[in-house]
Amino acid sequence: MLSCKQTWHTAFHLHLLVHVLAEGATRVYYLGIREVDWNYAPLGKNTITGQSIANDMIASSFLQPAENRIGSIYRKSVYKQYLDETYTSEIPKPSWLGFLGPIIRAEVGDTIIVHLKNFGRRPFTIHPHGVFYKKDSEGSLYPDESSSQDLKKDDAIPPGRNHTYTWTVPEDHGPTDDDPACLTWIYHSHVDAAKDIATGLIGPLLICREGTLKSVSQRRHDADLDFFLMFSVVDENESWHLDQNIASFCGDPSTVDEEDEGFRESNKMHAINGKLYANLPGLTMYEGDWVNWYLLGMGQEIDIHTVHFHAETFLYRSGKTYRADVADLFPGTFEVVEMLVGNPGTWLLHCHVADHIHAGMETLFTVFPKHDSVLLKTNSYTETPPEDEDNGHHFVLFGSKLAHSQVEATIIFLAVTGVLLFLIACTFLGVIIYLQRQKRLRRNRRSILDEGFKLMSTKKH
Ligand SMILES: [Cu+2]
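What counts and how
Residues numbered from 1 in each chain as written. Predicted model: local features only at pLDDT ≥ 70, side-chain atom pairs only at ≥ 80, totals over all residues. Helix = DSSP H or I, 4+ residues; strand = E, 2+ residues; numbered from the N terminus. Buried ≥ 20, exposed ≤ 12 C-beta atoms within 10 Å, placed from the backbone. Contact = placed C-beta atoms within 7 Å. Pairing = 2+ DSSP bridges. Axes fitted to C-alpha atoms, helices over the stretch in contact; angles between N-to-C directions. UniProt positions renumbered as here; feature names shortened; annotations may be inferred. Core = buried A, V, L, I, M, F, W, Y, C linked by C-beta atoms within 7 Å. pLDDT = per-residue confidence, 0-100.

Focus on the overall build of the chain
Scanning the chain from terminus to terminus reveals eight helices and 26 strands. Among the 461 residues that make up the chain, the fraction classed as buried is 39%. Partitioning the intrachain contacts of the chain with sequence separation of at least 6 by distance along the chain shows that 73% fall at a separation of at least 24.

Right, dumping it as structure tokens:
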């Protein structure tokens, strides 16, 4: 969870990164590719059953390290967002994003500029879905007949090097009248797309109608919360880091047979944003919130997922508006569903494919009662109410819970009031000093006159 200070720091700099032009905004992102040790189940338990991973027969087959098993921690390469070209200050992201890269948002008419630096050990890129680009910004390695050196630099960025990608959002790439106000897409590395994505290089992209996004937070005007969830059986057998993971995390790497079916199955992580068995934190909201769920399907033939929300229904727009509580996903398909949450409690959210439920593709989301900031506890799973910039819209200021827009208005009001009070105090002080000086002058004049009279009367005598 982000602190308020971090949130404001981030919001301020995001504001600096958005330059509004007559033709639309230019949205600038500094992304770095970094290696991390990713834990698919940091809570050490199956939060749905309450059992520890070691005691859960199925969960342990994916997550328990052994002589010839990697366990729950894998080295991954991921996209991280930075403040500027020094790539030293990382911009924090909401915890529910898991290992997904930062959310890139834009509206129709905007230009997206991504300065990508590769801190990894092999060539990677960034390739977007759903936006317009030319050959120098496609980020894909294939014989595309772009022979010039300048047009090939985006195809594979070597370790330690960088490249700037420019994407635009023309009218014919935006949501139609029959679409929801924002469409969700992805970006990913595309030197070897399947292996790069399995390694962790993927993130969400949101394209909205003009006038949908706020200028500072870049969040939507017309919704309370946005959540992006990727349902994917992450195949760690395909990761570029497989050999390193065997060497680092298996008890006895010499006993590992990479072709063994049991070993290969143990590396297929049935994950939501890179977490299994309800280890994904931060999916919290309030009763009455309007929530957009952006659902991303990725992977291979086993990645047919049916996303089921317990206790709530959602709206799905495609020409007409439909109500459902299960959304279907296929590899490389992305859906937006809109939910007016109205049932307080902690609820299950999972893929409804039976094998995928058992393998851990499930999590929990918590709906807090309206105006209730008390921690809600259900069974062993606890969550805190949404408070941070990307994950929520409530700030606590002087003991009151305020929306982001109210906080902005309050700060402007306090600043203007402060300036006015300062000017009034300066004027008041000036008047006092002036009056004191006049008094002193009058006193001096009177004593000079008295001295004159005294002198004249002495001379007469
Ligand atoms: Cu599934």
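Section: the sheet that holds strand S8 (residues 127–128)
Across the sheet, four strands lie side by side as S6-S11-S10-S8; this open sheet has mixed pairing. Because the sheet does not close on itself, it has two edges, and the strands there are strand S6 (104–107) and S8. Pairing of S8 with strand S10 (residues 182–188), which is carried by two bridges, proceeds in the antiparallel orientation. Looking at S10, one finds that Pro 128 is bridged to Tyr 187.

A short note on the sheet that holds strand S16 (residues 305–309)
The strand order across the open sheet formed by five strands is S14-S22-S21-S16-S19, and the pairing between neighbours is mixed. Strands at the two margins of the open sheet, each flanked by one partner only, are strand S14 (284–286) and strand S19 (326–329). Adjacent strand axes in the sheet meet at a mean angle of 25°, parallel and antiparallel pairs treated alike.

Observations concerning the UniProt feature "transmembrane region" (unreviewed entry) in the chain
UniProt records the feature "transmembrane region" (unreviewed entry) for residues 411–435 in the present numbering. Spanning residues 411–435, this segment combines 100% helix with 0% strand, and its end C-alpha atoms are found 36 Å apart.

Focus: unusual backbone geometry
Its identity as a non-glycine residue notwithstanding, Tyr 87 has a phi of 50°, on the positive side. Note that Tyr 87 resides in the loop between strand S5 (73–82) and S6. Here Ala 311, not a glycine, exhibits a phi torsion of approximately 70°, which is positive. Residue placement: Ala 311 occurs in the loop between S16 and strand S17 (314–318). With 16 C-beta atoms packed within 10 Å, Ala 311 lands in the partly exposed category.

So, the environment of Thr 111
Within the secondary structure, Thr 111 is located in strand S7 (residues 111–118). Sequence-distant contacts of Thr 111, defined by excluding residues within four places in its chain, comprise Gly 24, Thr 26, Thr 166 and Thr 168.

Digging into the nonpolar core
In terms of nonpolar packing, the biggest core is built from 91 residues, with Ile 207, Leu 229, Phe 231, Trp 293, Leu 295 and Leu 296 touching the most fellow members. With sequence-adjacent residues up to four places away left out, Leu 296 is seen in contact with Thr 184, Ile 186, Pro 204, Phe 228, Leu 229, Met 230 and Phe 334.

A look at the confidence of the model for the chain
Averaged over every residue, the pLDDT of the chain is 86; residues scoring 70 or more account for 84%. Ranking the elements of the chain by mean pLDDT puts strand S23 (residues 376–378) last with 38 and S5 first with 98. When the criterion is pLDDT under 50, residues 1–9 qualifies, and its contacts beyond four places in sequence or with other chains add up to 13 contacts.

As for the pairing of strand S9 (residues 162–168)
Regular strands have side chains that alternate between both faces of the sheet. Side-chain alternation along S9 places His 163, Tyr 165 and Trp 167 on a buried face and Asn 162, Thr 164, Thr 166 and Thr 168 on a face that remains uncovered. Alignment of S7 against S9, held across seven bridges, turns out to be antiparallel. Across the sheet, the residue bridging to Leu 116 is His 163, located in S9.

Points about the environment of Ile 58
Relative to the assigned elements, Ile 58 resides in helix H2 (residues 57–63). Residue classification places Ile 58 among the partly exposed residues on the basis of 13 C-beta atoms within 10 Å. For the pair Ile 58 and Ala 359, spaced 301 residues apart in the sequence, the C-alpha separation amounts to 6.8 Å.

Overview of the environment of Phe 309
Topologically, Phe 309 is positioned in strand S16. Counting along the chain gives 16 residues from Phe 309 to Asp 325, while the straight-line C-alpha distance between them is 5.8 Å.

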